[in-house]
Amino acid sequence: MNEDLETIRKRTDDAENEVKELTESFNKLKALAQNGHSVELIEGNIPDELTELITQNTKLKHRLAILKRALHEEKEKISQNTMESLLNSLTDVFTKAVCKAYPDVPDPPVPLTTSSSAQFGDYQCNAAMPIAQLLKGQGIKVSPRDVANKIKENLDESELIDKVEIAGPGFLNVWISRNYCQRLLTNILTKGVLPPRLLRRLKVVVDFSSPNIAKEMHVGHLRYDVVLFN
């Protein structure tokens, strides 16, 4: 569903840009016709190509809204039966921001760690410096602090983030929303400890040691194996 959402969003943006370009061209031609220039244009009529693009873009926007709503409902359904990982959720938010800020950087690193002190926030994103090095390898010279600023500018609004500040050469200090933490704690108190959310379903085979009851047991019989299959 994420891939469909991104595809529809890109197609919608492309169509929107094309509509704007054609509208500007149409208005210029209309202005020329009104000023008496010889332009083959019937005043007030919109070209069929522009009309078709507007119609397609309207349909794409409608489909995008449906996909966004379905994705939100699916996330809500999953979150009700699983335990949210604060670090994973935070990594997702910063990964999206990095990809928006630097789409030409392949597989950008987005390391997040807990802060060493409360004055530096709850978490720290240290993506700016390695990304600056990757850009340097592409012949683009930019300071880690500028990279951090661009990442911060591209952060989407998120309920789990209270504020983000840039420190030192480009550290992104993150303060977690207390309302978000309160909601997580309330969920634990009301529903208990739930299993973590899995990105995909896995088959699990548990192989027990199966000791021979006719023989003496030893410490090796305490072993068991767990095998995960994709």
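In the block above lies the structure referred to throughout.
Report on the accompanying structure. Fair warning: this is a prediction, and the values are worked out from it, not measured in the lab.

Calculation notes
Just so you know, the residues in each chain are numbered from 1, in the order the chain's sequence is written. Per-residue local features of the predicted model are confined to residues with pLDDT of at least 70, and side-chain atom pairs are confined, for both listing and counting, to 80 or more; whole-chain, interface and lining totals are unaffected and use all residues. The side-chain numbers reported here are obtained from all heavy atoms of the structure, hydrogens and water having been left aside. With axes taken as lines fitted to C-alpha atoms, and helix axes fitted only over the stretch in contact, angles between N-to-C directions fall between 0 and 180 degrees. Under the DSSP-based scheme used, a helix requires at least four consecutive residues in state H or I and a strand at least two consecutive residues in state E, with every element numbered from the N terminus. In these notes the angle categories are as follows: under 35 degrees is roughly parallel, over 145 is roughly antiparallel, 65 to 115 is roughly perpendicular, and the rest is oblique. Handedness of a crossing is defined here by the sense of rotation of the near helix relative to the far one, left-handed for an anticlockwise turn of less than a right angle and right-handed for a clockwise turn. By definition in these notes, contact holds between two residues if any of their heavy atoms fall within 4.5 Å. Polar here means any residue other than Ala, Val, Leu, Ile, Met, Phe, Trp, Tyr, Cys and Pro, which are nonpolar, and Asp, Glu, Lys and Arg, which are charged; Gly is therefore polar. Following DSSP output, two strands are said to pair if at least two bridges run between them. Any pair of nitrogen or oxygen atoms within 3.5 Å is treated as a polar contact; in protein, a donor-acceptor pairing is required on top of that, and neighbouring residues in sequence qualify only through side-chain atoms on both sides. Within this document, salt bridges are pairs made up of a side-chain nitrogen of Lys or Arg and a carboxyl oxygen of Asp or Glu, the two lying within 4 Å of each other. The buried label goes to any residue with under 20% of its type's maximum accessible area, the exposed label to any with over 50%, and the partly exposed label to all in between, with areas taken from a 1.4 Å probe on protein chains only. A pair of aromatic rings is counted whenever rings of Phe, Tyr or Trp (Trp by its six-membered ring) have centres within 6.5 Å, and the orientation is called stacked for planes under 30 degrees apart, edge-to-face for over 60 and tilted otherwise. Charge over a ring is defined by NZ of Lys or CZ of Arg lying within 6 Å of the ring centre and within 35 degrees of the ring normal. Here the nonpolar core consists of buried residues drawn from Ala, Val, Leu, Ile, Met, Phe, Trp, Tyr and Cys, with membership extended through side-chain atoms lying within 4.5 Å. A helix is expected to span 1.5 Å multiplied by its residue count minus one.

Our next topic: the packing of helix α4 (residues 128-137) against helix α5 (residues 144-153). Packing of α4 against α5 leaves a shortest axis separation of 8 Å and a crossing angle of 110°. With respect to α5, the element α4 is oriented roughly perpendicular. Crossing angle aside, the handedness with which α4 passes α5 is right-handed. Taking contact as the criterion, the partners of Ala128, Met129, Ile131, Ala132 and Leu135 in α4 are, on α5, Pro144, Val147, Ala148 and Ile151. Here the contact of α4 with α5 is composed, by residue class, of 9 nonpolar, no polar and no charged.

A word on the sheet that holds strand β4 (residues 171-176). Reading across from one edge, β1-β2-β4-β3 is the order of the 4 strands in this open sheet, with antiparallel pairing throughout. The strands lining the two open edges of the sheet, one partner per strand, are β1 (112-114) and β3 (161-167). Direction aside, the axes of adjacent strands within the sheet are offset by 25° on average. Across 3 bridges, the pairing between β1 and strand β2 (residues 123-125) is antiparallel. For Thr114, the partnering residue across the bridge sits in β2 and is Tyr123.

The next thing to look at is the pairing of β3. As paired strands, β3 and β4 are joined by 6 bridges and run antiparallel to one another. In the sheet register, Val164 faces β4, and the bridge partner there is Val174.

Relative to the helices and strands, Ser115 resides in the loop between β1 and β2. A distance of 3.3 Å separates the side chain of Ser115 from the backbone oxygen of Gly121, its partner in a polar contact. Discounting chain neighbours no more than four positions away, the residues touching Ser115 are Phe120, Gly121, Asp122, Tyr123 and Gln124.

Once that is clear, we can look at the pattern of salt bridges. A complete count under the given rule lists 4 salt bridges for this structure. Residues Asp122 and Arg178 are paired through a salt bridge, measuring 3.2 Å at the closest nitrogen-oxygen approach. Remark: Arg178 occurs in helix α6 (residues 178-191) and Asp122 occurs in the loop between β1 and β2; sequence separation between them is 56 residues. Given the relative accessible area of 25%, Asp122 is considered partly exposed. The residue Glu159 makes a salt bridge to Arg183 at a minimum N-O spacing of 3.3 Å. Placement of the pair is Glu159 in the loop between α5 and β3 and Arg183 in helix α6, with a sequence separation of 24 residues. The class of Arg183 is partly exposed, set by a relative accessible area of 37%.

In this section: the packing of aromatic side chains. Taken as a whole and judged by the stated rule, the model has 0 aromatic pairs. Note that Lys150 overlies the ring of Tyr102, its terminal NZ or CZ placed 4.8 Å from the centroid. Seen from the ring of Trp175, Lys163 lies directly overhead, with NZ or CZ sitting 4.5 Å from the centre.

Here we take up the nonpolar core. Note on soluble globular proteins: their nonpolar side chains tend to be buried together. With 31 residues, the main nonpolar core has Leu90, Phe94 and Ile151 as its most contacted residues. Tallying contributions element by element places helix α3 (residues 86-101) first for this core, with 7 residues. Every residue in contact with Phe94, bar those within four places of it in the chain, is listed here: Val110, Leu112, Cys125, Ile151, Leu155, Ile161, Val164, Leu172 and Val174.

This next bit is on α6. An ideal rise of 1.5 Å per residue puts 20 Å on 14 residues; α6 measures up with 20 Å between its terminal C-alpha atoms. A distance of 3.3 Å separates the backbone nitrogen of Asn179 from a side-chain oxygen at the start of α6, and that oxygen is part of Ser177. Looking one or two residues past α6, Gly192 carries a phi angle of roughly 80°, positive in sign.

For the rest of this paragraph, the subject is the side chain of Asn173. Along the polypeptide, Asn173 turns up in strand β4. On the accessibility criterion, Asn173 (4% relative accessible area) is buried. Polar contacts involving the side chain of Asn173 include one to the side chain of Gln124, which spans 2.9 Å. Beyond its immediate chain neighbours, meaning those up to four positions away, Asn173 contacts Phe120, Tyr123, Gln124, Lys163, Val164, Glu165 and Ala167.

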